Amino acid sequence: MTANLVSATFAERLEAVESRIAAACARSGRPRSSVLLLAVTKVFPPAVIEDAWNAGLRDFGENYVQEFESKAPSVAALPGARFHLIGHLQSNKSRRAAELFQVIQTVDTPKLARRLAESGIPLDIMIEVKLSHEDAKYGCPPAALPELIDSIRSLPNLALRGLMTMPPWSDDPEHSRPFFREARALAERHHLDGLSMGMSHDLETAIEEGATIVRIGTALFGSRKQV
Ligand SMILES: *Cc1c(COP(=O)(O)O)cnc(C)c1O
């Protein structure tokens, strides 16, 4: 984080994030194309999504169905744009979520998977996995993964793409490493290719540990507190 982050333009922030991703890929012997930059636009208005789309970004993460519902009319038709739900989803909002998003990254129960499948809309699915920490409210515990994976794979309309995880918050990106490592081991054990992990402060660690999607908000758009 640089001191002038707040005054940096979006183009400058994007360039800085891109170079961090490129450096982490190079260090890990991975091609840049193996990591998707997911721009997390929660709290920001539709114009911010449009700016990011104009800069070439196509994948956007939002946390709340209701918030995105109000933004979607302005941005849903941007060519090539894909919207990922990365916040917790209650099953009573699953139909609306299926209509608004192309990717649901936070499936954590067979019941939610069933509800999404019942929408009849083809969806890319990731399972949010809850690793060993007590403050995590949501996510599928590793022991319940086999059952959830089986149920998603047996349902129509759902394409299981991988696992998503969010370690407990810490300033120190090294604190995230064991969680990222565990998520990767689980993905490998269950033959899943996609791994959504890493945010503004720990994207390098996540890429070193195998992330295929990094979810970046603050480093691209500045602090959400200013909005
Ligand atoms: C807000 C959020 C992010 C982005 O976090 P930053 O630290 O702003 O990059 C990533 N993932 C999830 C699940 C989030 O809720």
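Described below are features of the structure shown in this document. (Residues numbered from 1 in each chain as written. Predicted model: local features only at pLDDT ≥ 70, side-chain atom pairs only at ≥ 80, totals over all residues. Heavy atoms only, no water.)

Attention shifts here to the overall build of the protein. A count of helical and extended segments in the protein gives 9 helices and 8 strands. Its C-alpha atoms give the protein a radius of gyration of 17 Å, near enough to 17 Å, the size a compact globule of 227 residues would have. With the C-alpha coordinates of the protein rotated into their principal frame, the extents come out at 50 × 40 × 30 Å. Counting only residues that meet the buried cut, the protein has 52% of its 227 residues in that class. Expressed as a percentage of contacts within the protein between residues at least 6 apart in sequence, the contacts between residues at least 24 apart total 55%. Accessible surface computed for the protein: about 10,700 Å², of which carbon and sulfur atoms make up 53%. Once the 26 positive and 28 negative side-chain charges of the protein are each reduced to a mean point, those two points are 3 Å apart. (Helix = DSSP H or I, 4+ residues; strand = E, 2+ residues; numbered from the N terminus. Rg over C-alpha atoms; globule rule 2.2 N^0.38 Å. Buried < 20%, exposed > 50% of the residue type's maximum accessible area, 1.4 Å probe, protein only. Contact = heavy atoms within 4.5 Å. Areas by Shrake-Rupley, 256 points an atom, 1.4 Å probe, with all protein chains shown as cover. Lys, Arg positive; Asp, Glu negative; His and termini not counted. Charge placed at Lys NZ, Arg CZ, Asp CG, Glu CD.)

Moving on to the pairing of strand E1 (residues 36-40). With respect to burial, E1 is a largely interior element, 4 of its 5 residues being buried. In this sheet, strand E8 (residues 213-216) lies alongside E1 in parallel orientation, the contact comprising 4 bridges. Looking at the pairing, Leu36 lines up with Ile213 of E8. Pairing analysis gives 2 bridges linking E1 to strand E2 (residues 59-62), with the strands arranged parallel. Paired with Ala39 across the strands is Phe60, a residue of E2. Handedness of the β-α-β unit built from E1, helix H2 (residues 46-54) and E2 comes out right-handed. (Pairing = 2+ DSSP bridges. Right-handed = clockwise from strand over helix to strand, strands pointing away.)

This part takes up the pattern of salt bridges. Scanning all chains against the criterion turns up 16 salt bridges. The residue Lys71 makes a salt bridge to Glu67 at a minimum N-O spacing of 2.8 Å. Taken together, the residues Lys71 and Glu67, both in helix H3 (residues 65-75) and 4 residues apart, mark about one turn of the helix. Taken together, the shared-partner salt bridges in this structure form one network comprising Arg27, Glu174, Arg177, Arg181, Glu208 and Glu209. (Salt bridge = Lys/Arg side-chain N within 4 Å of Asp/Glu carboxyl O.)

Right, let's get into the layout of surface pockets. When its volume is computed, the largest pocket comes out at roughly 1,000 Å³. Lining of the largest pocket is provided by 38 residues; of these, Lys42, Asn63, Ile86, Gly87 and Met166 occupy positions nearest its centre. Going through the elements one at a time, H3 and E8 are the ones with two or more residues in the lining of the largest pocket. Class assignment of the residues belonging to the lining of the largest pocket gives a composition of 18 nonpolar, 12 polar and 8 charged. (1 Å grid on protein atoms, 1.4 Å probe; cavity = no way out; pocket = protein on both sides within 12 Å on 5 of 7 lines; lining within 4 Å. Points joined across faces, edges and corners; volume = space filled by probe spheres on them. Nonpolar A, V, L, I, M, F, W, Y, C, P; charged D, E, K, R; others polar.)

For the rest of this paragraph, the subject is the side chain of Arg13. Looking at the secondary structure, you find Arg13 in helix H1 (residues 10-27). One buried charged side chain, Arg13, makes no salt bridge at all; its nearest oppositely charged neighbour is Glu12, positioned 7.3 Å away. A polar contact is formed between the side chain of Arg13 and the backbone oxygen of Phe221, at a distance of 3.5 Å. (Polar contact = N/O pair within 3.5 Å; in protein donor to acceptor, adjacent residues only side chain to side chain.)

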